[in-house]
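Okay, here's what each chain looks like letter by letter:
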Amino acid sequence: MQELVKIIRNEPFTDSLVIAEGTKNQHESVVRLIKEQWKRIEKFGEIDFSDLKSGKRGRPLKIYKLNESQATLLITFMDNTDIVADFKVELVHQFYQMRQFLWERQTEEWVQQRNRSKLIRNTETNVIKKLVEYAKEQGSTHANMLYITYSKLANKMVKISDRDLATCQQLNELSFIENIILNQIHIGMNDGLPYKEIYQICKRRIEQFQEIAYLTAIS
């Protein structure tokens, strides 16, 4: 299931396009339902919107942002097909998870873990800086992209897109992964390996770490 809930100004929200896609309805139908139930939905807060998408004939597509109460009310007005029912369950679940995360982010544990993650990231960045020069010596013409390449690798392995929206568990795993990366880059450069091979070794080591962590967790 896709990401249904996002944080806007420190509050969880979904939107009309997400609801349309998740319930397999036309966006126009969801917008029409919002307008029909506007007064009821607006009892749970002002309804905001954005024009971030292009609709038919290139016209701006008005996407309505909905908080948890607004979205929950809106989907009660939809026919309860299996698709809609499954979407309701997942939406409620993701709102719950996001509220739990917002609470966690206020704890001292999260703040300390995020600060540790930043320190490790700074160390990793310094190592990648050396790798960039190393890759240039091997003929790379896009060596500066290695910063993004390794960031994407770490984020993908932890399944996050924004580190400030990571849980304590994800931040902890991220720290282990970035330590693996900086250590493997050091070893690879000392051994004179091709910079592309170093990346593949990092990826394999991370996968091995995650597999061991998973087996340990279920044992």
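Residues numbered from 1 in each chain as written. Predicted model: local features only at pLDDT ≥ 70, side-chain atom pairs only at ≥ 80, totals over all residues. Heavy atoms only, no water.

Caption draft 1: Inspection of the overall build of the chain at higher detail. In terms of regular secondary structure, the chain is built from 9 helices and 4 strands. When the helices and strands of the chain are read in sequence order from the N terminus, they spell out β-β-α-α-α-β-β-α-α-α-α-α-α. With respect to the principal axes defined by its C-alpha atoms, the chain has extents near 65 × 45 × 30 Å. The buried share among the 219 residues of the chain stands at 39%. Considering only contacts in the chain between residues 6 or more positions apart, those separated by 24 or more positions represent 64%. Carbon and sulfur atoms make up 50% of the accessible area of the chain, which totals about 13700 Å². Taking the average place of the 32 positive charges on the side chains of the chain and the average place of its 29 negative ones, the gap between the two points comes to 5 Å. (Helix = DSSP H or I, 4+ residues; strand = E, 2+ residues; numbered from the N terminus. Buried < 20%, exposed > 50% of the residue type's maximum accessible area, 1.4 Å probe, protein only. Contact = heavy atoms within 4.5 Å. Areas by Shrake-Rupley, 256 points an atom, 1.4 Å probe, with all protein chains shown as cover. Lys, Arg positive; Asp, Glu negative; His and termini not counted. Charge placed at Lys NZ, Arg CZ, Asp CG, Glu CD.)

Caption draft 2: Geometry of the packing of helix H6 (residues 108-137) against helix H8 (residues 168-190). Running from N to C, H6 and H8 point in directions that differ by 20°, and their axes come no closer than 9 Å. Between H6 and H8, the angle falls in the class roughly parallel. Crossing angle aside, the handedness with which H6 passes H8 is left-handed. In the contact of H6 with H8, the residues fall into 13 nonpolar, 8 polar and 6 charged. (Axes fitted to C-alpha atoms, helices over the stretch in contact; angles between N-to-C directions. Parallel < 35°, antiparallel > 145°, perpendicular 65-115°, else oblique. Left-handed = near helix turned anticlockwise from the far one by under 90°. Nonpolar A, V, L, I, M, F, W, Y, C, P; charged D, E, K, R; others polar.)

Caption draft 3: Expanded view of the pairing of strand S2 (residues 11-15). Where strand S1 (residues 6-8) meets S2, 3 bridges bridge the pair, whose relative direction is antiparallel. Its bridge partner being in S2, Lys 6 is matched across the sheet by Phe 13. Taking the residues between adjacent antiparallel strands as the criterion, S1 and S2 are bridged by 2 residues, where Arg 9 takes a positive phi near 50°. Two elements, S2 and strand S4 (residues 60-67), share 3 bridges in a ladder whose sense is antiparallel. Across the sheet, the residue bridging to Asp 15 is Lys 65, located in S4. (Pairing = 2+ DSSP bridges.)

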